[in-house]
Amino acid sequence: GANKDVIRPRIVKSQEEQKKRSSDSAEVFTPIWVCNLQNNLIDKAWFGLDQSPFNREADKSYIENPQPIKFPNGKTWQDYVLLQRLEITCGEAPYLVSRYDVVTGEMIPSGKRVGLLDRKLRVICENVAEKEQWLEWATKALESTYGFDIQGDNVLLARENILYSVLEWYAYKFPTSSPNIVDDIPLSTLKRFAQII
């Protein structure tokens, strides 16, 4: 309707709008490769490694590790999924779910995403075979991953990106012939996801 352009990603806003939001509220958007570098720092510390187990950093890019993530002695994939993670200025949530590069607008396939929640969902995909168990662990991942922002439109976009990302990871793990992935997920589970988000 008449308000269709009120809430929209930063990439489709004019340079003038972007500059105004930056000066009014210190809003900046970080390229996905920088989000990856910073998220890798967190994982390097938790895993006790010099290199992120999720990907190898390259010049303003990264190369994903196609092998399943290995966990150090005394730590499990469940421990990783349950880690509490908070992004205090989440914007559209690229540090949590990297569905697209917020600077270029380029979509990122599920298997190449680098957000904190994306990493948890990847680990779930690698360790869970049954749909019901996958949905249970995805719920736990959502319950332990938080984002905060003072801009209401960013909060809405972040919530949408988080929900879409969970659904896209589900479709990545369990390809279906249905054109609508939500047909494969119980309505009660979708409502629970929305309530958590």
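Residues numbered from 1 in each chain as written. Predicted model: local features only at pLDDT ≥ 70, side-chain atom pairs only at ≥ 80, totals over all residues. Heavy atoms only, no water.

Side note on the overall build of the protein chain
At step 1: Of regular secondary structure, the protein chain possesses seven helices and four strands.
At step 2: Helices (α) and strands (β) of the protein chain occur, in sequence order from the N terminus, as α-α-β-β-α-β-α-α-β-α-α.
At step 3: Buried positions account for 44% of the 197 residues belonging to the protein chain.
At step 4: Taking all contacts inside the protein chain whose residues are at least 6 apart in sequence as the whole, residues at least 24 apart take part in 70%.
At step 5: Of the roughly 10700 Å² that the protein chain leaves accessible, carbon and sulfur atoms contribute 53%. (Helix = DSSP H or I, 4+ residues; strand = E, 2+ residues; numbered from the N terminus. Buried < 20%, exposed > 50% of the residue type's maximum accessible area, 1.4 Å probe, protein only. Contact = heavy atoms within 4.5 Å. Areas by Shrake-Rupley, 256 points an atom, 1.4 Å probe, with all protein chains shown as cover.)

Quick notes on a nonpolar patch on the surface
At step 1: On the surface, a cluster of nonpolar side chains totalling about 560 Å² of accessible area is made up of Leu86, Ile88, Tyr146, Phe148 and Ile150.
At step 2: On the secondary structure map, isoleucine 88 appears in the loop between strand S3 (85-87) and helix H4 (116-127).
At step 3: Accessibility expressed as a relative area gives 55% for isoleucine 88, which makes it exposed. (Patch = residues over 30% accessible without salt bridge, like charges linked within 9 Å, V, L, I, M, F, W, Y side chains within 5 Å. Salt bridge = Lys/Arg side-chain N within 4 Å of Asp/Glu carboxyl O.)

Notes on the environment of tryptophan 46
At step 1: Within the secondary structure, tryptophan 46 sits in helix H2 (residues 32-47).
At step 2: Given the relative accessible area of 14%, tryptophan 46 is considered buried.
At step 3: Other than its neighbours up to four places away in sequence, tryptophan 46 contacts Phe71, Lys75, Thr76, Asp79, Tyr80, Leu83 and Arg85.

With respect to the nonpolar core
At step 1: If you look at the biggest cluster of nonpolar residues, it comprises 36 residues, and the most contacted ones within it are Leu117, Leu121, Ile124, Trp134 and Val166.
At step 2: Every residue in contact with valine 166, bar those within four places of it in the chain, is listed here: Leu117, Leu121, Trp134, Ala138, Leu142 and Phe193.
At step 3: Among the nonpolar cores identified, the runner-up in size contains seven residues, and Cys35, Tyr62, Ile108 and Val114 belong to it. (Core = buried A, V, L, I, M, F, W, Y, C linked by side-chain atoms within 4.5 Å.)

Quick word on helix H7 (residues 187-196)
At step 1: Taken as a whole, H7 has its buried residues at Thr189, Leu190 and Phe193. Down the axis, H7 shows its buried residues gathered within 100 degrees of arc, on one side only. Opposite the packed face of H7, turned more than 90 degrees from it, sit the exposed residues Leu187, Ser188, Lys191 and Gln195.
At step 2: On its buried face, H7 is in contact with helix H5 (131-143) and helix H6 (152-173). (Arc of directions from axis to C-beta.)

What about the packing of H4 against H5?
At step 1: At a minimum axis distance of 10 Å, the contact between H4 and H5 shows a crossing angle of 160 degrees. Comparing their axes, H5 and H4 come out roughly antiparallel. H5 is crossed by H4, and the crossing has right-handed handedness. The residues of H5 that touch H4, namely those facing Leu117, Lys120, Leu121, Ile124 and Cys125, are Trp134, Trp137, Ala138, Ala141 and Leu142.
At step 2: Split by residue class, the contact of H4 with H5 holds nine nonpolar, no polar and one charged. (Axes fitted to C-alpha atoms, helices over the stretch in contact; angles between N-to-C directions. Parallel < 35°, antiparallel > 145°, perpendicular 65-115°, else oblique. Left-handed = near helix turned anticlockwise from the far one by under 90°. Nonpolar A, V, L, I, M, F, W, Y, C, P; charged D, E, K, R; others polar.)

As for the pairing of strand S1 (residues 55-58)
At step 1: Summarising the sheet, S1 and strand S2 (residues 61-64) pair through four bridges and their orientation is antiparallel. Pairing of alanine 58 across the sheet is with serine 61, part of S2. (Pairing = 2+ DSSP bridges.)

Comments concerning the packing of aromatic side chains
At step 1: Evaluation of the coordinates by the stated rule reveals 13 aromatic pairs.
At step 2: Ring centres 6.2 Å apart and planes at 80 degrees place the aromatic pair tryptophan 46 and phenylalanine 71 in the edge-to-face group. One end of the pair, tryptophan 46, is in helix H2; the other, phenylalanine 71, is in the loop between S2 and helix H3 (77-82), with 25 residues separating them in the sequence.
At step 3: Judged by centre distance (5.2 Å) and plane angle (75 degrees), the ring pair of tryptophan 169 and tyrosine 172 falls under edge-to-face. Residue tryptophan 169 and its partner tyrosine 172 are both found in helix H6; the two are separated by three residues, about one turn of the helix.
At step 4: Among the aromatic side chains, those forming a connected cluster through ring pairs are Trp46, Phe47, Phe54, Phe71 and Tyr80. (Phe/Tyr/Trp six-rings, centres within 6.5 Å; stacked < 30°, edge-to-face > 60°.)

Some remarks on the pattern of salt bridges
Two side chains bearing opposite charge may form a pair once their charged atoms approach each other closely.
At step 1: A full pass over the atoms with the stated rule returns nine salt bridges.
At step 2: One salt bridge connects glutamate 64 with lysine 112, and the closest N-O pair in it is separated by 3.1 Å. With glutamate 64 in strand S2 and lysine 112 in the loop between S3 and H4, this pair connects stretches of sequence that are 48 residues apart.
At step 3: Classification of lysine 112 by relative accessible area gives partly exposed; the value is 37%.
At step 4: A salt bridge links glutamate 168 to arginine 113, with the shortest nitrogen-to-oxygen separation between them at 2.8 Å.

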